[in-house]
Amino acid sequence: MPRRTVYTAQIEHLQILDENGVLDEQLAKDTLTDEQVVFLYEQMIACRALDEIAFKLQRSGRMHTYPQNKGQEACALGSGFALRKGVDFLVPCYRENAALFLHGMPMRNVLLHWAGDERGNQIPDGVHITPIAIPIGTQMLHATGVAWAFKMRKEDRVAITYFGDGATSEGDFHEAMNFATVFNVPLIFFCQNNQWAISVPREQQMASETVAQKGLAYGAQCIQVDGNDLFAVYKATTEARERARAGGGVTLIEAITYRLADHTTADDARRYREAEEVDSWKAKDPMIRTRKYLERKGLWDDAKQAETQERADAQVKQIVDEVLNYPAPHASEMFDHMYAELPDELRKQRDTMRTSSLGQNPSQAGLKAGEAVRA
Ligand SMILES: Cc1ncc(C[n+]2csc(CCOP(=O)(O)OP(=O)(O)O)c2C)c(N)n1
Ligand SMILES: [Mg+2]
């Protein structure tokens with residue numbers, strides 16, 4: 001037979017909670033309890049409140065660039081909730097705040113980070129999260145290393161890494177996928193396909209019909225889920241976690257969602273997106289869908305909404321006050337946190353606040369030769 005098929009594949013799409021808030025009871029079995037959905041919905045409200053205030057802080061000149069998470073909260077919460085706090089490891093990019101908060105990252109840190117304060121990246125002890133990654137794609141390689149370490153140390157732990165649709169065009173995605181699958185490490189690649197990479201729509205970003213199918217080439221388990229459906233995201237991530245723990249290695253989850261806001265506060269998406277497209281996705285907002293579900297079950301009403309919103313606003317206000325009044329760091333702090341013991345040259349720099357090149361040529365620092373340097 002000169003021609004034969006050596007490989008065929010298909011990608012499954014999973015949706016459990018539809019756009020009207022109607023649940024597929026069969027598929028939802030053993031997923032989220034009512035109490036858990038209420039809890040996650042409250043988290044959505046808090047995360048959205050933070051998002052709105054961060055936007056306003058930027059517009060009023062008190063915050064640098066900020067990438068809103070608006071519309072993508074079910075991705076972060078469904079996946080983050082499927083991983084074990086204090087055990088599993090999150091390797092994020094920048095659009096999954098709610099997952100970070102679930103795993104113990106203080107909200108304050110995220111605001112500090114975007115206000116340009118590096119102390120936002122000091123992750124508290126016991127919180128298994130790497131700093132927010134701005135270079136697109138690099139974090140997937142870090143996550144591969146983290147998961148490989150778990151495997152080598154025979155630890156019963158799983159890592160998850162988050163990235164966007166655009167990031168799957170980066171070499172880092174392919175290198176990380178290849179290494180992770182060849183070494184069969186316990187890692188979940190979680191792609192938030194929000195349809196846009198800044199102003200580049202998905203169709204111009206890639207010729208493949210789905211992101212999920214990219215993982216097939218590497219031998220990963222691949223699935224596409226409705227990313228605005230808490231249940232589907234939770235179920236797919238839980239299955240991926242259990243598979244990884246059982247030695248089944250890598251899963252690529254493509255979560256279909258939408259960036260409801262601009263790319264960042266430095267962007268104006270009205271210049272490249274049609275209002276109709278945005279409106280159609282506003283109707284699929286995960287918050288609306290989750291609320292509809294809870295209301296249907298008699299677990300939520302206007303009074304609860306108002307009360308929770310008020311609580312979230314107060315919580316966020318307190319955090320904003322704390323961040324705006326955070327004492328300024330001393331310049332010498334830039335030498336902290338990288339080395340357990342500062343190398344000699346850096347210690348000299350810290351003590352004199354001068355680089356060695358300036359030390360060699362004092363005129364560069366506006367000093368006369370021999371002039372004393374203040375620490
Ligand atoms: C290596 C690198 N190249 C380019 C950029 C500039 N940049 C920032 S966000 C972005 C688009 C990312 O799109 P996607 O991966 O879909 O994530 P999204 O922002 O949609 O969540 C680009 C190109 C960057 N930060 N890093
Ligand atoms: Mg994107």
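Residues numbered from 1 in each chain as written. Chains lettered and ligands numbered in written order. Predicted model: local features only at pLDDT ≥ 70, side-chain atom pairs only at ≥ 80, totals over all residues. Heavy atoms only, no water.

### Concerning the packing of helix H3 (residues 73-82) against helix H9 (residues 230-245)
Rule in force here: In this analysis an axis means a line fitted to C-alpha atoms, helices contributing only their contacting stretch, and an angle means the value between N-to-C directions, from 0 to 180 degrees. Segments assigned H or I by DSSP are reported as helices when at least four residues long, segments assigned E as strands when at least two residues long, and all are numbered from the N terminus. In this scheme, a crossing is called left-handed if the near helix is turned counterclockwise away from the far one by less than a right angle; it is called right-handed if the turn is clockwise. Contacts are residue-level and defined by heavy atoms, with any inter-residue pair within 4.5 Å sufficient. Ten residue types, Ala, Val, Leu, Ile, Met, Phe, Trp, Tyr, Cys and Pro, are classed as nonpolar, four, Asp, Glu, Lys and Arg, as charged, and the remainder, Gly among them, as polar.
Orientation of H3 relative to H9, taken along the N-to-C sense of each, is 35°, at an axis distance of 8 Å. In the packing of H3 onto H9, the handedness of the crossing is right-handed. Touching Ala74, Cys75, Leu77, Gly78, Ser79, Phe81 and Ala82 of H3 are Leu230, Val233, Tyr234, Thr237, Thr238 and Arg241, all from H9. The class makeup of the residues in the contact of H3 with H9 is 8 nonpolar, 4 polar and 1 charged.

### Some thoughts on the site of ligand 1
Stated formally: Residue proximity to a molecule or strand is established when one non-hydrogen atom of the residue lies within 4 Å of it. N or O atoms within 3.5 Å of each other form a polar contact, as long as, within protein, one can give a hydrogen and the other can take it, and as long as residues adjacent in sequence are counted only when both atoms are side-chain atoms. Only the protein chains shown count as cover for residues, and all accessible areas are computed by the Shrake-Rupley method using a 1.4 Å probe.
If you check the shell around ligand 1, you find 15 residues, and the closest are Tyr94, Arg95, Gly166, Asn194 and Trp196. In the model, an oxygen atom of ligand 1 is placed 2.8 Å from a nitrogen or oxygen of the Trp196 main chain. At 3.4 Å, a side-chain N or O of His263 approaches an oxygen atom of ligand 1. Here ligand 1 loses 70% of its free accessible area of 580 Å² to cover by the protein chains. The residue makeup of the shell around ligand 1, split by class, is 8 nonpolar, 4 polar and 3 charged.

### Some details on the pairing of strand S8 (residues 251-256)
The cut-off we apply is this: Classification of residues uses two cut-offs on accessible area relative to the type maximum, computed with a 1.4 Å probe and protein chains only: under 20% is buried, over 50% is exposed, and between them is partly exposed. In this analysis, strands are considered paired if DSSP registers two or more bridges between them. For a crossover, the right-handed case is the one in which the path from the first strand over the helix to the second runs clockwise, viewed with the strands pointing away from the viewer.
Counting buried residues along S8, 6 of its 6 residues qualify, which places the element largely inside the surrounding structure. Pairing of strand S4 (residues 187-193) with S8, which is carried by 6 bridges, proceeds in the parallel orientation. The residue of S8 that forms the bridge with Cys191 is Glu254. Bridging between strand S7 (residues 221-226) and S8 involves 6 bridges; their strand directions are parallel. The partner of Val225 across the bridge, within S8, is Ala255. Considered for its hand, the β-α-β crossover made up of S7, H9 and S8 is right-handed.

### Topic: the packing of helix H2 (residues 34-59) against helix H11 (residues 286-296)
For the pair H2 and H11, interaxial distance at closest approach is 10 Å and the crossing angle is 145°. Relative to H11, the crossing made by H2 is left-handed. In this structure, H2 contributes Asp34, Val37, Val38, Tyr41, Met44, Ile45 and Arg48 to the contact, and H11 contributes Pro286, Met287, Thr290, Arg291, Tyr293 and Leu294. Residue composition of the contact of H2 with H11, by class: 9 nonpolar, 1 polar and 3 charged.

### Overview of the coordination of the magnesium ion (ligand 2)
What counts here: Metal donors were taken as nitrogen, oxygen and sulfur atoms no farther than 2.8 Å from the ion, or 3.2 Å where the ion is Na, K or Ca. Water is excluded, so coordination may look unfinished.
Only Asp165 (OD), Asn194 (OD1) and Trp196 (O) from the protein coordinate the magnesium ion (ligand 2), and they sit 2.1 to 2.2 Å from it. Along the chain, the residues donating to the magnesium ion (ligand 2) are arranged with the sequence spacing D-x28-N-x1-W. Summarising the burial analysis for this pair, Asn194 and Trp196 share the class buried.

### A word on the sheet that holds strand S3 (residues 159-164)
Strand order across the open sheet formed by 6 strands is S1-S7-S8-S4-S3-S2, with parallel pairing between neighbours. Two strands bound the open sheet, and with one partner strand each, they are strand S1 (13-14) and strand S2 (89-91). With 6 bridges connecting them, S3 and S4 associate as parallel partners. Bridge assignment links Thr161 to a residue of S4, and that residue is Phe189. Relative to the sheet, helix H7 (residues 171-182) contacts S3, S4 and S8, its axis offset from that of S4 by approximately 150°.

### Focus: unusual backbone geometry
Notably, Gln195 is not glycine yet its phi reads approximately 80°, a positive angle. With respect to the secondary-structure elements, Gln195 resides in the loop between S4 and strand S5 (196-197). Owing to a relative accessible area of 16%, Gln195 belongs among the buried residues under this scheme.

### Considering a nonpolar patch on the surface
Our working definition: What makes a patch is a set of residues exposed beyond 30% relative accessible area and free of salt bridges, joined within 9 Å when like-charged and within 5 Å when nonpolar (Val, Leu, Ile, Met, Phe, Trp, Tyr). Just to be clear on terms, a salt bridge is a Lys or Arg side-chain nitrogen sitting within 4 Å of an Asp or Glu carboxyl oxygen.
The grouping of Phe179, Val182 and Phe183 at the surface amounts to a nonpolar patch, some 260 Å² of accessible area in total. For Phe183, the position within the fold is in the loop between H7 and S4. Classification of Phe183 as partly exposed rests on a relative accessible area of 34%.

### Digging into the packing of aromatic side chains
Each aromatic ring pair is described using two quantities: the centre-to-centre distance and the angle formed by the ring planes. Condition: Two rings from Phe, Tyr or Trp (for Trp, the six-membered ring) form a pair when their centres are within 6.5 Å of each other. A pair whose planes differ by under 30 degrees is stacked, one over 60 is edge-to-face, and the rest are tilted.
Taken as a whole and judged by the stated rule, the model has 15 aromatic pairs. Taking 5.0 Å as the distance between ring centres and 85° as the angle between the ring planes, the aromatic pair formed by Tyr41 and Trp300 counts as edge-to-face. Of this pair, Tyr41 sits in helix H2 while Trp300 sits in the loop between H11 and helix H12 (302-324); the two residues are 259 residues apart in sequence, bridging distant segments of the chain. On the accessibility criterion, Trp300 (5% relative accessible area) is buried. Ring centres of Phe231 and Tyr293 lie 5.3 Å apart, and the angle between their planes is 75°; this geometry places the pair in the edge-to-face category. Placement of Phe231 in helix H9 and of Tyr293 in helix H11 is noted, with a sequence separation of 62 residues between them.

None of the figures reported here should be taken as evidence of function without further support.
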